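Topology and contacts: notes
Chain residues, written in single-letter form:
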Amino acid sequence: MNRKAHWEQIYRVQAPHAVSWYQQTPERSLALIAKTGISRDARIIDVGAGASTLVDHLLDAGYRHLAVLDISAAALEHARRRLGRRAEGVEWYEADVTEFRAPRGFDLWHDRAVFHFLTEPAERARYVAVLRRTLKPGAHVIVATFAIGGPTRCSGLYVVRYDGAMLLR
């Protein structure tokens, strides 16, 4: 299965607000980011952002150094169009997170969309290696996944479900 082709198809066929994971206001993510206490000058990367509105809300809140990473060019284009001129102030990366080479370090890594799709241990190991290489010392990590007892599939793909202890391994 070609992961990139899968997500390109999803974002070509469905409107961003029509996918099951769409959030008009990503309240939990915003609250978790605020809870870290990072400054408005912190560098934040939203991993697997798709066409998420998180970047819009972070810009509205005054965060100035934002990056969006997704494997799908179509998803990123949806987000850029939605932001209009404000998109010029955001760093946009089209890449598979397990192969991502960040040009700079980040203070906060936010992922509510990718980690649970990494079903092979080697993929997860590459993800963690990228995360460690990408973050500045003292950085924050926010990773949301499917919980134990949650769905076993999302968007036609199998997912791995976690509890807190499993994520820390």
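Read on for an overview of the structure. Predicted model, so just to flag it, every value in this text is computed and none were measured.

Another point: the sheet that holds strand β4 (residues 106-111). Strand order in this open sheet of 5 strands is β3-β2-β1-β4-β5, and the pairing throughout is parallel. Whereas interior strands pair on both sides, the edge strands pair on one side only; in this sheet they are β3 (90-94) and β5 (135-143). Strand-to-strand twist across the sheet, computed as the mean angle between neighbouring axes with direction ignored, equals 20°. Summarising the sheet, strand β1 (residues 43-47) and β4 pair through 4 bridges and their orientation is parallel. Across the sheet, residue I44 finds its bridge partner in β4, namely L108. In this fold helix α4 (residues 73-83) packs onto β2 (65-70) and β3, with an angle of close to 160° to the strand it touches most, β3. Along the sheet face, helix α5 (residues 121-134) touches β4 and β5 and points at about 135° away from the line of β5.

Note on placement: G62 falls in the loop between α3 (54-60) and β2. C-alpha separation for the pair G62 and R153, spaced 91 residues apart in sequence, amounts to 36 Å.

What follows covers the pattern of salt bridges. Opposite charge on two side chains makes pairing possible when the charged atoms of those side chains draw close. Counting across every chain of the model gives 8 salt bridges. Among the salt bridges present, the one from E91 reaches R43, with a minimum N-O distance of 3.4 Å. In this pair, E91 sits in strand β3 while R43 sits in strand β1, placing the two residues 48 residues apart along the sequence. R43 sits in the partly exposed class, given a relative accessible area of 22%. Across the pair E91 and R104 runs a salt bridge, and its minimum N-O distance is 2.9 Å. Of this pair, E91 sits in strand β3 while R104 sits in the loop between β3 and β4, and the two are 13 residues apart along the sequence. For R104, a relative accessible area of 33% gives the class partly exposed. Salt bridges linked by common partners bring R43, E91 and R104 together as one network.

Now for the pairing of β3. Counting buried residues in β3 gives 4 out of 5 residues, a clear majority hidden from the surface. Pairing geometry for β2 and β3, over 5 bridges, is parallel. Paired with V68 across the two strands is W92, which belongs to β3.

With that settled, consider empty space enclosed by the protein. Under the counting rule described, the total for this entry stands at 1 cavity of 30 Å³ or more. Estimates place the volume of the largest cavity at around 30 Å³. Sorting the residues of the lining of the largest cavity by element identifies β1, α3 and β2 as the ones contributing at least two each. Looking at the lining of the largest cavity, the element that brings in the most residues is β1, giving 3 residues. Split by residue class, the lining of the largest cavity holds 6 nonpolar, no polar and 1 charged.

A few words on the packing of aromatic side chains. Inspection of every chain in the model, using the stated rule, returns 3 aromatic pairs. On the basis of an interplanar angle of 65° and a centroid distance of 5.1 Å, the ring pair of Y93 and F100 is categorised as edge-to-face. Taken as a pair, Y93 and F100 share a single burial class, namely buried. Here W109 and Y127 contribute two aromatic rings whose centre-to-centre distance is 5.5 Å and whose plane-to-plane angle is 85°, an arrangement assigned as edge-to-face. Residue W109 is found in strand β4, and its partner Y127 is found in helix α5; the two are separated by 18 residues along the sequence. Stacked on the ring of Y63, the Lys or Arg R40 has its end atom at 4.5 Å from the ring centre.

Rules used throughout
Residues numbered from 1 in each chain as written. Predicted model: local features only at pLDDT ≥ 70, side-chain atom pairs only at ≥ 80, totals over all residues. Heavy atoms only, no water. Pairing = 2+ DSSP bridges. Helix = DSSP H or I, 4+ residues; strand = E, 2+ residues; numbered from the N terminus. Axes fitted to C-alpha atoms, helices over the stretch in contact; angles between N-to-C directions. Contact = heavy atoms within 4.5 Å. Salt bridge = Lys/Arg side-chain N within 4 Å of Asp/Glu carboxyl O. Buried < 20%, exposed > 50% of the residue type's maximum accessible area, 1.4 Å probe, protein only. 1 Å grid on protein atoms, 1.4 Å probe; cavity = no way out; pocket = protein on both sides within 12 Å on 5 of 7 lines; lining within 4 Å. Points joined across faces, edges and corners; volume = space filled by probe spheres on them. Nonpolar A, V, L, I, M, F, W, Y, C, P; charged D, E, K, R; others polar. Phe/Tyr/Trp six-rings, centres within 6.5 Å; stacked < 30°, edge-to-face > 60°. Lys NZ or Arg CZ within 6 Å of the ring centre and 35° of its normal.

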